[in-house]
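Working through the structure, step by step
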Amino acid sequence: MRSILIVPIRPVDHAELTALVTPLSNAFEIPVSIEESNYLDPAFAFDSYRNQFNSTSLITALLDRYPAQSGKIIGITAVDLFVPVLTYVFGEAQLDGQAAVLSTFRLREDLYGLEPNPKLEHIRLLKEAVHELGHTYGLIHCHDPECVMHSSTSAEEVDVKGKNFCGGCEKFLRGL
Amino acid sequence: MTEKKSSPQSILIVDDELIVRESLTKWFRQDGYRVEAAEDANHALKMMKEGPWDLALLDIKMPGMSGLELQKRLKEVDKNIGIIMITAFASVESAVQALKEGAFDYVTKPIDPDHLSHIVSNALNQKKIVEENIQLREQISDIGKATEIVGDSQQIHKVIELAKTVAKTDTTVMLRGESGTGKELIARAIHANSDRRYFPIIAVNCGAVTESLLESELFGHEKGAFTGAQYRRKGKFELADGGTIFLDEIGNISQKMQVQLLRVIETKQFTRVGGSDVISSDFRVICATNRDLEAAVKDGSFREDLYYRLNVFTVSIPPLRERRSDIPLLAEYFRGKYAAIMHKAVTEINANAMDILVQYDWPGNVRELENVLERAMVLAVPPAIQSSELPFQLASKAHGLQADSLAVVERAQVEMILNRTGWNISRSADILDIDRVTLYNKITKYGLKRP
Ligand SMILES: [Zn+2]
Ligand SMILES: [Zn+2]
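Just so you know, these numbers come straight off a predicted model, no measurement behind them. (Residues numbered from 1 in each chain as written. Chains lettered and ligands numbered in written order. Predicted model: local features only at pLDDT ≥ 70, side-chain atom pairs only at ≥ 80, totals over all residues. Heavy atoms only, no water.)

A word on the overall build of chain A
Of regular secondary structure, chain A possesses five helices and eight strands. Ordered by position from N to C terminus, the α and β elements of chain A give β-α-β-β-β-α-β-β-β-β-α-α-α. Looking at chain A as a whole, 54% of its 176 residues qualify as buried. Sequence separation of at least 24 residues holds for 66% of the intrachain contacts in chain A that already meet a minimum separation of 6. When the accessible surface of chain A is summed, it comes to about 7,700 Å², and 55% of that surface belongs to carbon and sulfur atoms. (Helix = DSSP H or I, 4+ residues; strand = E, 2+ residues; numbered from the N terminus. Buried < 20%, exposed > 50% of the residue type's maximum accessible area, 1.4 Å probe, protein only. Contact = heavy atoms within 4.5 Å. Areas by Shrake-Rupley, 256 points an atom, 1.4 Å probe, with all protein chains shown as cover.)

A closer look at the sheet that holds strand β3 (residues 46–47) of chain A
Residue and element names in this part refer to chain A. If you trace the three strands from one edge of the open sheet to the other, you get β3-β4-β6, paired in mixed fashion. Every interior strand has two partners, whereas the edge strands, β3 and β6 (81–82), have only one. Of the pairings in the sheet, the one linking β3 to strand β4 (residues 52–54) comprises two bridges and is antiparallel in character. The residue bridging F46 from the neighbouring strand is F53, located in β4. With respect to the sheet, helix α2 (residues 55–65) is in contact with β4 and β6, its orientation differing from that of β4 by roughly 45°. (Pairing = 2+ DSSP bridges. Axes fitted to C-alpha atoms, helices over the stretch in contact; angles between N-to-C directions.)

Quick look at empty space enclosed by the protein
Where empty space is left in the structure can be found by rolling a water-sized probe over the atoms. Overall, the coordinates contain three cavities of 30 Å³ or more when judged by the stated rule. Each pocket or cavity is described by its volume, and for the largest cavity that value is around 260 Å³. As for the largest cavity, its lining consists of 21 residues, and the residues nearest its centre are V89(A), G91(A), E132(A), W27(B) and Q30(B). Counting residues per element, the ones that place at least two in the lining of the largest cavity are β7 (91–93) and α3 (118–136) of chain A together with α1 (18–30) of chain B. Counted by class, the lining of the largest cavity contains eight nonpolar, nine polar and four charged residues. (1 Å grid on protein atoms, 1.4 Å probe; cavity = no way out; pocket = protein on both sides within 12 Å on 5 of 7 lines; lining within 4 Å. Points joined across faces, edges and corners; volume = space filled by probe spheres on them. Nonpolar A, V, L, I, M, F, W, Y, C, P; charged D, E, K, R; others polar.)

Examining the coordination of the zinc ion (ligand 2)
Four donors placed tetrahedrally about a metal ideally form angles of 109.5 degrees, and six donors placed octahedrally ideally form angles of 90 or 180 degrees. All names here are of chain A. At the metal site, the zinc ion (ligand 2) is ligated by C142 (SG), C147 (SG), C166 (SG) and C169 (SG), and these contacts range over 2.3 to 2.4 Å. Considering all four donor atoms around the zinc ion (ligand 2), the spread of angles at the metal, 105 to 115°, places the coordination shape in the tetrahedral class. Donor residues for the zinc ion (ligand 2), ordered by position in the chain, follow C-x4-C-x18-C-x2-C. Grouping residues by exposure puts C142 and C147 together as buried. (Donors = N, O, S within 2.8 Å, 3.2 Å for Na, K, Ca; no water. Tetrahedral: all angles 85-135°; square planar, octahedral: opposite > 155°, others 65-115°.)

Considering the packing of aromatic side chains
Two measures describe an aromatic ring pair: the distance that separates the ring centres and the angle between the ring planes. Going through the model one piece at a time under the given rule, you end up with 12 aromatic pairs over all chains. Through a chain of ring-to-ring contacts, three or more aromatic side chains come together here, namely F219(B), F237(B), F270(B) and F283(B). The ring of Y137(A) has K72(A) sitting right over it, with the charged end atom 4.5 Å from the ring centre. The ring of F283(B) has K268(B) sitting right over it, with the charged end atom 4.7 Å from the ring centre. (Phe/Tyr/Trp six-rings, centres within 6.5 Å; stacked < 30°, edge-to-face > 60°. Lys NZ or Arg CZ within 6 Å of the ring centre and 35° of its normal.)

Topic: a nonpolar patch on the surface
All names here are of chain A. A cluster of nonpolar side chains, L111, Y112 and L114, forms an exposed patch at the surface whose accessible area comes to about 270 Å². By the secondary structure assignment, L111 is in the loop between β8 (99–103) and α3. Its relative accessible area of 37% is what places L111 among the partly exposed residues. (Patch = residues over 30% accessible without salt bridge, like charges linked within 9 Å, V, L, I, M, F, W, Y side chains within 5 Å. Salt bridge = Lys/Arg side-chain N within 4 Å of Asp/Glu carboxyl O.)

A look at α1(B)
Its 13 residues give α1(B) an end-to-end C-alpha distance of 18 Å, which sits within 8% of 18 Å, the value for a rise of 1.5 Å per residue. Directly beyond the C-terminal end of α1(B), a positive phi value near 90° is found at G32(B). (Expected span 1.5 Å × (residues − 1).)

Concerning the pairing of strand β4 (residues 82–87) of chain B
Residues and elements named next belong to chain B. Of all six residues making up β4, six are buried, and the element is well covered by its neighbours. What you see with β4 is no split at all: G82, I84 and I86 on one side and I83, M85 and T87 on the other are buried throughout. Following the backbone out of strand β3 (residues 55–59), through helix α3 (residues 67–77) and into the adjacent parallel β4, one traces a crossover that is right-handed. Of the pairings in the sheet, the one linking β4 to strand β5 (residues 105–108) comprises four bridges and is parallel in character. (Right-handed = clockwise from strand over helix to strand, strands pointing away.)

Comments concerning helix α8 (residues 211–219) of chain B
Among all positions in α8(B), only L214(B), E215(B), S216(B), E217(B), L218(B) and F219(B) are buried. Trailing α8(B) by a residue or two, G220(B) shows a phi angle of about 80°, which is positive.

Below you can see the structure in the form of structure tokens.
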């Protein structure tokens, strides 16, 4: 089934997820829905030493929960994520796989001592959601600085790139 | 994905922790790199066959061989490989050591992803620039690649031929030749063309140290084996495991060392000084000497059994004065080398200076020639090296001739005519309009030799 399911991983602002549905659906040209009944509790992925949540464990949990044929899944959370060797990640995706997770934690202005900016934060979250889902469709990082698949490891870099795929990435995606 | 490159840059990750290998592999694959991971140094060395790798990320602390040691070995296999060390906070000091030994940079675990992606792209960019420069230089100089074995004479072709032939076997090799002829270069070339090339070549100068020091150099020692042995230390035979040991100046070792050497070459087993554990090592022996070993065997100062063990396949490297036609090539090669190192636009050696270089007898051989060229490059004013920038004894020792003297011209004329007539003395004397005795005298005076 060709669809995308957004799974809330608590805590997370539900309104932010709702705002993603239409633009994500436009970007991938497939139906997008939100898992309304069955939120994921990330407590099991918590690392008390690092005070962060292990994103790889979260992906594994999502895969356990949803069978392979249920389309792409993206878990979204407000908690800070990490993979063991890195200090943090914005998100993580299975390259050419089924699942991705994404955090809003480092996309927020107040983390950097700035005034909250909901509009900017929504655009950042959208870009990163498109980006991580792009990975699940097999896209790797793109050299085009405007392309949403351009690698970004800081909020500024997310702002610099666009929210659309470049011609090359678009072609790859539609070719599938 | 038209804008993505057809052959991706490659990264080798070496870390004993599975989780680190997995997450870094994944991280870099998403960046579009070709990525493989190895769990320890030995696997990493084996994976060099699947290279070349643009970049290696090495955990500095691993059981067995450390990242620091592995760095050295990887650089021996591929001197252009970029290295980034991964370290815990506790070992930042050794990371600094790694930088001194040529690592591009280091990252501390856990790694800041922003930092990591920038370091990696910087390292790859730098490598690309270096490689482009090397390619450029190779195109310009059109002389040999990584090796400094330069020459086009029959003699040097013979040496290279022999080296190539014996490289493919596991035979013990003895290199004969005066000092400075480049025996170590030939040893390295043999190793680099052998199946052992992914393992180290360990060079030991047997003539440079005392007997007791050489013993612990070769076999290692246990902690407290002698005064000053504060740590256990591996010996060269142990370090050469899987690779080649190059024993230079083998003719200079003591009788006691000769016995020990014979034993370890025959059994491939030994114990460390002050230890009792028997250690096995799989090594190939290449040795070198400038001594008349046959005479030493005759007078009893070199054991005959060891001589036969070592003298299985001999490669003789001719002194530079016996292959004068290589001197211009070598001189040009070293000029180019130092021009690049010194960033100096000295593009030629003028004819006068080259004459002097070709005529000199070079008792110190290629090494002396290199030293002279290095010195001349320091003094040289672009665009050319002049004879005045050569050590004065060179000009005068080149058969006692002043560079601009009539004698130089005479020598060149005599030599040219001799060569033209195929060293027919009568015909040469006729052409030069001198008698044969005078011609013989001039041949002796100028040190001319039939090629
Ligand atoms: Zn990405
Ligand atoms: Zn793109």
